[in-house]
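# Fold and contact review
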Amino acid sequence: MTESTASPHTAQSATHRTPPGGTAGAAPGEAPRRRSEGTRDAILVAARERFAADGYERATIRAIAKDARIDPSMVMRYYGSKEGLFLAAITVDLRLPDLGALPRGHVGEVLVSHLFRLWEGGEVFTAMLRVATAGPAGAERMHETFRDQLLPEMRKACPDPEQAHTRAALVASQLLGFALTRYVLRLPEAVELTREEVVAWLGPTVQRYLTAPSP
């Protein structure tokens, strides 16, 4: 019986019952949205694991769907293609601070501190690292992320903009190397470092790469 045809008593009682698939008091469409978001999240988690394990070429929509315990058609419905799913699964917004607006002597410390909070805040960056080491597609995606997001900030911070590519590569080697040892390889000595220790060790090195005169 729908609300429009129910008696006032029936309608009033219905407000105290949980609608099918939802929760009491949920707004119309709220439960389906939650289910949709849950499905998307499950697909992305399964995709990151599968791309990291098999690489882009060998990973299949069918295997990802099986890992997520859904029908393969649902993966295609949400992401359209394996390429679309791949891009969604390992897209990372570094949300970098404006290095050009910072005091020159603090850019290394600020950058390391910012990225440490990003790394500790979720699994997406770790998954991206794992995918990047699994094959050329993941590596290319990592290249794009640093080219499009890190390099522009390097140009603001370094004394010679023509050296921005070289300095960005050195910064990336330091930051990605540490992230790989802490979050993927999980070397105990790297895992045990506190945020303060990470910033104290890495900050001066990144600062040198960014601002020191060319050797």
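Look up a bit, the structure's there.
My aim in this report is to walk through the structure given alongside it, one point at a time. Note that the structure is predicted; figures quoted are calculated from it, not measured.

## Description of the overall build of the protein chain
Counting its regular elements, the protein chain contains eleven helices and zero strands. Counting from the amino terminus, helix and strand elements in the protein chain follow one another as α-α-α-α-α-α-α-α-α-α-α. Relative to its 215 residues, the protein chain shows a buried fraction of 38%. Of the contacts made within the protein chain by residues no fewer than 6 positions apart, 68% connect residues no fewer than 24 positions apart. When the accessible surface of the protein chain is split by element, carbon and sulfur atoms take 55% of a total near 12400 Å².

## Quick look at the packing of helix α9 (residues 164-184) against helix α11 (residues 195-211)
Axis angle and axis distance: for two packed helices, these are the angle between their axes and the distance between the axes, and together they describe the pair. Between α9 and α11, the least distance of the axes is 8 Å, while the angle of their chain directions is 160 degrees. Viewed along their axes, α9 and α11 adopt a mutual orientation that is roughly antiparallel. The element α9 and its partner α11 pack so that their crossing is right-handed. Judged by residue contacts, R167, L170, V171, Q174, L175, F178 and R182 of α9 engage V198, L202, T205, V206, R208, Y209, L210 and T211 from α11. A per-class count over the contact of α9 with α11 returns nine nonpolar, three polar and three charged.

## Considerations on the environment of S214
Note that S214 resides in the segment after α11. We classify S214 as partly exposed; its relative accessible area is 46%. A C-alpha to C-alpha distance of 9.1 Å links S214 and P159, two positions 55 residues apart in sequence. Contact partners of S214, with chain neighbours within four places excluded, come to Q163 and R167. Among the polar contacts made by the side chain of S214, one reaches the side chain of Q163 at a distance of 3.2 Å.

## Here's the deal with the nonpolar core
F51, L85, L111, W119, M154 and V171 are the most contacted members of the largest nonpolar core, which has 57 residues in total. No other element matches α9, which puts eight residues into this core. Aside from chain neighbours lying at most four places away, what touches L111 is L96, M154, V171, L175, V206 and L210.

## Side note on the packing of helix α7 (residues 124-132) against α9
Across the interface, α7 lies against α9 with an axial gap of 10 Å and an inter-helix angle of 105 degrees. What the angle tells us is that α7 and α9 run roughly perpendicular. For the pair α7 and α9, contact is made by F125, T126, L129 and R130 and by L176, A179, L180, Y183 and V184, respectively.

## So, the side chain of R182
Inspection of the secondary structure assignment puts R182 in helix α9. Assessed through its relative accessible area of 7%, R182 is described here as buried. Each residue touching R182, except ones within four places of it in the same chain, is listed here: F116, E120, A190, V191, L193 and V198.

## A short note on the packing of aromatic side chains
Scanning all chains against the criterion turns up six aromatic pairs. Geometrically, the ring pair formed by Y56 and F86 is edge-to-face, given 4.9 Å between the ring centres and 65 degrees between the ring planes. Pair noted here: Y56 is in helix α2 (residues 30-58) and F86 is in helix α5 (residues 82-89), with a separation of 30 residues, a long-range link. A single burial state applies to Y56 and to F86, both of which are buried. Pairing W119 with F178 gives two aromatic rings, centres 6.0 Å apart and planes at 35 degrees, and the pair type is tilted.

The rules we used
In every chain, residue numbers begin from 1 and rise along the written sequence. Only residues with pLDDT of 70 or above have their local features reported here, since the model is predicted, and side-chain atom pairs are shown and tallied only from 80 upward, although totals for entire chains, interfaces and linings are computed over all residues. Hydrogens are left out, water is left out, and the side-chain values use all remaining heavy atoms of the structure. Strands are runs of DSSP state E lasting at least 2 residues, helices are runs of H or I lasting at least 4, and numbering of each runs from the N terminus. Exposure is judged per residue with a 1.4 Å probe applied to protein chains only, and the accessible area is read against the type maximum: over 50% gives exposed, under 20% gives buried, and values in between give partly exposed. Any two residues whose heavy atoms approach within 4.5 Å at even a single point are treated as in contact. Each accessible area is a Shrake-Rupley estimate made with a 1.4 Å probe; only the visible protein chains count as cover when residues are assessed. To get an axis, fit a line to the C-alpha atoms, keeping to the stretch in contact for a helix; angles then go from 0 to 180 degrees between the N-to-C directions. Roughly parallel covers angles under 35 degrees, roughly antiparallel covers those over 145, roughly perpendicular covers 65 to 115, and oblique covers all other angles. Should the near helix be turned anticlockwise from the far one by less than a right angle, the crossing is termed left-handed; should it be turned clockwise, right-handed. Nonpolar residues are Ala, Val, Leu, Ile, Met, Phe, Trp, Tyr, Cys and Pro. Charged residues are Asp, Glu, Lys and Arg, and all others, Gly as well, are polar. Between N or O atoms, a polar contact is any pair within 3.5 Å; within protein, one atom must be a potential hydrogen donor and the other a potential acceptor, and residues adjacent in sequence are included only when both atoms are from side chains. As used in this record, nonpolar core signifies buried Ala, Val, Leu, Ile, Met, Phe, Trp, Tyr and Cys residues forming a set joined through side-chain atoms within 4.5 Å. Side-chain rings of Phe, Tyr and Trp (the six-membered ring for Trp) are treated as a pair once their centres are within 6.5 Å; stacked means planes under 30 degrees apart, edge-to-face means over 60, and tilted covers the remaining angles.

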